[in-house]
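# Fold and contact review
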Amino acid sequence: KVVLFVHGYNIDFLKGCRRAAVFQAALDEHQQLLLFSWPSDGILASYTRDEADIEWSQSYLEAVINRLSEIYGPGRINIVAHSLGSRGVFRALQLISRRDGKGLINELVLLAPDIDADVFRSAFPDLKGIARRITLYSSENDQPLRVSHEVHGYPRLGEAGDDLVVLEGMDTIDVSISGGREVTGHLYHLYNDNVRSDLGMLLSKGTDVSQRPNMKQFSKQGKPYWMLLPVEKK
């Protein structure tokens, strides 16, 4: 299997390579990690430019996903997308869904996705058929998504708390209390060992969320979601 990793906002090519290498460490030695590097400016103040760049990159991302499917076979690709990169993956998969893309993706993992939550809800029925399993990681401690919420005026898919998105057919994981923190609360997939371990089990072994450690089930409006709890100190 191959993991296609799509980075987020404010990540230039060199930083993207470094962070992909850090993420690779969470996977087993048999997983191949590929980085899709879209042309982010890598500048904190260039958010709107990065939004434009990920939009026009979506057709190239679509082509890469299709080509990987041809090489490895349908259902053999795992896609992991972070932040604004998730929006590019979302748009590319929307394009693919207009054709017969059923079963194309094995695992689709959205980390702190900077996507309009309601837009995602409306498109979700089409996405469900593309991926065997869809997993969303969210947090209410995510400062960049909080800012994006204010800028756009609408909740982002990666926000938790009152804005947590729970959909039938998607595993929603709230990592708000999972333990290790970093300054922005946006890079838990890299710097939170608890989250990295959970991602490793998901991508390397395909372990169901109900069977992974430190998970506690809750419900929202009658639909289940999961809270990743801190690791108990021995």
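Located above this text is the structure these notes cover.
All of the points below concern the structure found in this document. Per-chain numbering applies: the sequence of each chain, read as written, is numbered from 1 onward. Two thresholds apply to this predicted model, a pLDDT of at least 70 for residue-level local features and 80 or more for giving and counting side-chain atom pairs, whereas whole-chain, interface and lining totals are computed over all residues. The basis for every side-chain value is the complete set of non-hydrogen atoms in the structure, without hydrogens or water.

It is worth spelling out the pairing of strand E1 (residues 2–6) at this point. Burial of E1 is extensive: five of the five residues sit out of reach of the surface. As defined by bridge partners, E1 adjoins strand E2 (residues 32–36) across five bridges and the pair is classed as parallel. Of the residues in E2, the one forming a bridge with Val 6 is Phe 36. When DSSP locates at least two bridges between a pair of strands, those strands are taken to pair. Helix numbering and strand numbering both begin at the N terminus, where a helix is a DSSP run of H or I of at least 4 residues and a strand a DSSP run of E of at least 2. In terms of strand pairing, E1 meets strand E3 (residues 77–82) through five bridges, oriented parallel. Residue Phe 5 lies in a different strand from E3, and its bridge partner there is Val 80. Only protein chains enter the accessibility calculation, which uses a 1.4 Å probe. A residue is then buried if its area is under 20% of the maximum for its type, exposed if over 50%, and partly exposed in between.

Now for the pattern of salt bridges. Put simply, a salt bridge is a Lys or Arg side-chain nitrogen that is within 4 Å of an Asp or Glu carboxyl oxygen. Evaluation of the coordinates by the stated rule reveals twelve salt bridges. Note that Glu 62 is salt-bridged to Arg 99, the shortest N-O span being 2.8 Å. You can see Glu 62 sitting in helix H2 (residues 47–72) and its partner Arg 99 sitting in the loop between helix H3 (84–97) and strand E4 (105–111), a full 37 residues away along the chain. Residue classification places Arg 99 among the partly exposed residues on the basis of a relative accessible area of 44%. The network of salt bridges with shared partners includes Glu 51, Arg 87, Asp 114 and Arg 156.

Pairs were defined over the aromatic rings of Phe, Tyr and Trp, the Trp ring being its six-membered one, requiring ring centres within 6.5 Å. Orientation was assigned from the angle between planes: stacked under 30 degrees, edge-to-face over 60, tilted for the rest. All chains considered together, the criterion is met by six aromatic pairs. When the centroid spacing of 6.1 Å and the interplanar angle of 80° are considered together, the rings of Trp 56 and Tyr 60 count as edge-to-face. With Trp 56 and Tyr 60 both in helix H2 and four residues apart, the pair spans about one turn of that helix. Judged by centre distance (5.7 Å) and plane angle (45°), the ring pair of Phe 120 and Phe 124 falls under tilted.

Taken together, the eight strands give an open sheet; going across it, the order is E2-E1-E3-E4-E5-E6-E8-E7, and neighbouring strands pair in mixed fashion. Whereas interior strands pair on both sides, the edge strands pair on one side only; in this sheet they are E2 and strand E7 (215–220). Each adjacent strand pair in this sheet contributes to an overall mean axis angle of 25°, direction not counted. With four bridges joining them, strand E5 (residues 131–138) and strand E6 (residues 171–174) adopt parallel strand pairing. Paired with Thr 135 across the two strands is Asp 171, which belongs to E6. Note on definitions: a residue-residue contact is assigned when non-hydrogen atoms from the two residues lie within 4.5 Å. For helices, the fitted axis covers only the stretch in contact; all axes are lines through C-alpha atoms, and the angles between them, taken along N-to-C directions, range from 0 to 180 degrees. Against the sheet, helix H1 (residues 13–24) engages E1, E2 and E3, with an angle of about 155° to E2.

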